[in-house]
Amino acid sequence: MGNPIVFFILAAIAIAAAMGMLTSRNAVHSALFLVLNFATIAVLYIVLNAPFIGMVQITVYAGAIMVLFLFVIMLLGADKLGGVVGEDKWQRYLAGFLAVALVVVFGIVLAQGGGVDTGTATAIDSSPAALGMRLFEGYVFPFEVTGVLLLTSMIGVVVLGRKKRGKDA
Amino acid sequence: MPDVTIDWYVALSIILFAIGALGVLLRRNAIIIFMSVEMMLNSANLLFVAFSRHLGDLNGQVLVFFVITVAAAEVAVGLALIVTIFRTKQSINIDEINLLKG
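Everything quoted here is computed from the prediction, not taken from an experiment.

A.B. asks: Break down the interface of chain A and chain B for me, citing the residues and quoting the values.
C.D. replies: Between chain A and chain B, the contact holds 89 residues from the first and 72 residues from the second. Taken together, the two surfaces of chain A and chain B that pack against each other cover about 7100 Å², and 77% of this comes from carbon and sulfur. Linking chain A with chain B are one salt bridge, by the criterion used here. One salt bridge in this structure joins Arg134 of chain A and Asp57 of chain B, with 3.6 Å as the shortest N-O distance. Our count for the contact surface shared by chain A and chain B stands at 11 residue pairs in polar contact (both at pLDDT 80 or more). Those elements that provide at least two residues to the side of chain A that touches chain B are α1 (4-23), α2 (27-47), α3 (51-76), α4 (90-112), α5 (128-138) and α6 (140-161) of chain A. For the side of chain A that touches chain B, the leading source of residues is α3 of chain A, giving 14 residues. For the side of chain A that touches chain B, the residue count by class is 59 nonpolar, 22 polar and eight charged.

In structure tokens:
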């Protein structure tokens, strides 16, 4: 499942970008760190024999979603709003403790489940054509529901974003 | 040089998920909290693709599509909510958003 050196370099970049997003005081910097994180994960998808998912990751996540984020940040002038933590310092320690506890719990599960590793399967055909066939053979109903979800969210955004009539018009 | 196994990807996914959760808990800027949620969704996607490769099963990659779609819808609605809140309160600090009716 990929070259160890490539994996370590990509993992290091991904974790560093994630930490950069977490600690940046400027929201624009956070968004750009997140773009770097998404791009790194897209490269990992390509390493994992999922080139089409990698391209979707770049276009949809790093392209569309993050542009939306940056647009809202700049629209609101929110790049300097909100400190790293609230006024209470105990929240910071509690959050750190909870995050470490999360990693420990997952780590225990990972250590216990380590025995099921039966070696990697042979690479499968993951071309866009094969993915499309699988999508429309086994997931037609979820696909239709996805369409309804997108329409609903689109209407919701239009309703939310509309200015109230007669209010600071 | 050891081979890269599924466990390495699970570990990377765990770390990214924990950093995302830490961001949700620590930060007070609603936009940053949304970005952290996106990162947690992404770590789950990475796990889907890694197991898809590990088991030689294409279904994991199809599920990633649905996760990306739901994430896109969620971001659109969430950012619209943030813009609406900012219009009324002139702030997106979640410590100051404490009223059900603003």
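A.B. asks: Give me the packing of α3 of chain A against helix α3 (residues 59-89) of chain B: which residues, what numbers.
C.D. replies: Running from N to C, α3 of chain A and α3 of chain B point in directions that differ by 5 degrees, and their axes come no closer than 11 Å. With respect to α3 of chain B, the axis of α3 of chain A lies roughly parallel. In this structure, α3 of chain A contributes Phe52, Ile53, Val56, Val60, Tyr61, Ile65, Leu68, Phe69, Val72, Leu75 and Leu76 of chain A to the contact, and α3 of chain B contributes Gln61, Val64, Phe65, Ile68, Ala71, Ala72, Val75, Ala76, Leu79, Ile82, Val83 and Phe86 of chain B. Classifying every residue of the contact of α3 of chain A with α3 of chain B by side-chain character gives 22 nonpolar, one polar and no charged.

About the thresholds
Residues numbered from 1 in each chain as written. Chains lettered and ligands numbered in written order. Predicted model: local features only at pLDDT ≥ 70, side-chain atom pairs only at ≥ 80, totals over all residues. Heavy atoms only, no water. Contact = heavy atoms within 4.5 Å. Buried area = accessible area lost by both parts, 1.4 Å probe. Salt bridge = Lys/Arg side-chain N within 4 Å of Asp/Glu carboxyl O. Polar contact = N/O pair within 3.5 Å; in protein donor to acceptor, adjacent residues only side chain to side chain. Helix = DSSP H or I, 4+ residues; strand = E, 2+ residues; numbered from the N terminus. Nonpolar A, V, L, I, M, F, W, Y, C, P; charged D, E, K, R; others polar. Axes fitted to C-alpha atoms, helices over the stretch in contact; angles between N-to-C directions. Parallel < 35°, antiparallel > 145°, perpendicular 65-115°, else oblique.

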